[in-house]
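In case you want the letters, here they are:
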Amino acid sequence: MAGLSADLSTRPRLSRVTTDFLRPAIDWLVGLMQTIGAPGAGIAVALENIFPPIPSEVILPLAGLTASRGHFTVIEAIVWTTVGSVVGAWALYLIGAKLGVPRLKRLADKIPLMKVSDIDRTVAWFNRHGRSAVFFGRLLPLFRSFISIPAGVERMPWWQFTLYTGLGSGIWNSVLVLAGWKLGESWHLVERWTGVLQNVLIVALVAALAYFIIRRLRQRRAH
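Bear in mind that the values here come from a model prediction, so they are computed numbers and not experimental data.

**Quick look at the overall build of the protein chain**
Secondary structure summary: the protein chain contains 10 helices and zero strands in total. From first element to last, N terminus to C terminus, the protein chain shows the α and β order α-α-α-α-α-α-α-α-α-α. Sorting the 223 residues of the protein chain into buried and exposed places 44% on the buried side. Within the protein chain, contacts between residues at least 6 apart in sequence are counted, and of these 75% link residues at least 24 apart. Split by element, the accessible area of the protein chain, about 12300 Å² in all, is 68% carbon and sulfur.

Set out below in structure tokens:
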């Protein structure tokens, strides 16, 4: 218990990206992992998939840091966080399955600039590339959780969804957990690296959305 108390009092350093706003949540997360071990990291990752108060870019390096302090092994951290990723993805898959294609079409029909045919094209694309989308989607910030919903909407076979989610999440989790384990108290540097990737993806999404809006407005004017 003495070792545990000492570790609990050694609070992980935060970067400028992770402001003091997240400090209580991070302290809770570290305490959870130090109290119940690697399953605590798995619980945090599962919750992050559905309610993202702390991004996986913070949870996973912190799991690596906690492993480096000797509370559990780095292999346990990777296994449990991957289990947590799959469980959290299942929940979003079920939400997508409940939503279904017919409801999406009714919703698209009510949204300005959207067409029912947009849903048909998206469904057709996912039917062709669903397995790749789930696998690679788990390797990208922003898309990691979102990709589970269209998989559910399309009722992708459960075993396929679980397999490709597990493979993609296993790679992502391994990289970030190992980075936190190697970097130790400098774990927050991982945020900087993943933050650059996330910013690039945000710019790409904004550009794609702007292109879609401009193209759809031009089509309306043409008619």
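**Observations regarding a positive patch on the surface**
A cluster of like positive charges, contributed by K98, R103, R106 and K110, occupies part of the molecular surface. Among the secondary structure elements, K98 is positioned in helix 5 (residues 74–110).

**Focus: the side chain of T66**
Relative to the elements of secondary structure, T66 occurs in helix 4 (residues 56–68). Taking the relative accessible area as the measure of exposure, T66 reaches 1% and is therefore buried. Separated by 2.8 Å, the side chain of T66 and the backbone oxygen of L62 make a polar contact. Once you skip the residues sitting within four places of it in the chain, T66 turns out to touch M33, Q34, H71 and F72.

**Let's talk about the environment of L32**
Assignment of secondary structure puts L32 in helix 2 (residues 23–36). Given a relative accessible area of 17%, L32 falls into the buried group. Along the sequence, L32 and I43 sit 11 residues apart, while their C-alpha atoms lie 9.3 Å from each other. Apart from residues lying up to four places away in sequence, L32 is in contact with G37 and G40.

**What to know about a nonpolar patch on the surface**
A cluster of nonpolar side chains, W28, I36, I43, L47, I50 and F51, forms an exposed patch at the surface whose accessible area comes to about 580 Å². Within the residue set of the nonpolar patch, elements represented by two or more residues are helix 2 and helix 3 (38–50). Among the elements that make up the nonpolar patch, the one with the highest residue count is helix 3 (three residues). For L47, the location among the structural elements is in helix 3. Judged by its relative accessible area of 41%, L47 falls in the partly exposed class.

**A word on the UniProt feature "transmembrane region" (unreviewed entry) in the protein chain**
Per the UniProt record, "transmembrane region" (unreviewed entry) is found at residues 77–96, 161–181 and 193–214. End-to-end, the C-alpha atoms of residues 161–181 are 29 Å apart, and along that stretch the chain is 100% helix and 0% strand.

**Considering the packing of helix 4 against helix 9 (residues 158–183)**
Two elements in contact, helix 4 and helix 9, have axes separated by 6 Å at closest approach and are oriented at 50 degrees. Comparing the axis directions of helix 4 and helix 9 gives the class oblique. Read as a crossing pair, helix 4 and helix 9 show a hand that is right-handed. Judged by residue contacts, S56, E57, L60, P61, A63, G64, L65, A67 and S68 of helix 4 engage W172, N173, L176, V177, G180 and W181 from helix 9.

So, how was this worked out
- Residues numbered from 1 in each chain as written.
- Predicted model: local features only at pLDDT ≥ 70, side-chain atom pairs only at ≥ 80, totals over all residues.
- Heavy atoms only, no water.
- Helix = DSSP H or I, 4+ residues; strand = E, 2+ residues; numbered from the N terminus.
- Buried < 20%, exposed > 50% of the residue type's maximum accessible area, 1.4 Å probe, protein only.
- Contact = heavy atoms within 4.5 Å.
- Areas by Shrake-Rupley, 256 points an atom, 1.4 Å probe, with all protein chains shown as cover.
- Patch = residues over 30% accessible without salt bridge, like charges linked within 9 Å, V, L, I, M, F, W, Y side chains within 5 Å.
- Salt bridge = Lys/Arg side-chain N within 4 Å of Asp/Glu carboxyl O.
- Lys, Arg positive; Asp, Glu negative; His and termini not counted.
- Charge placed at Lys NZ, Arg CZ, Asp CG, Glu CD.
- Polar contact = N/O pair within 3.5 Å; in protein donor to acceptor, adjacent residues only side chain to side chain.
- UniProt positions renumbered as here; feature names shortened; annotations may be inferred.
- Axes fitted to C-alpha atoms, helices over the stretch in contact; angles between N-to-C directions.
- Parallel < 35°, antiparallel > 145°, perpendicular 65-115°, else oblique.
- Left-handed = near helix turned anticlockwise from the far one by under 90°.

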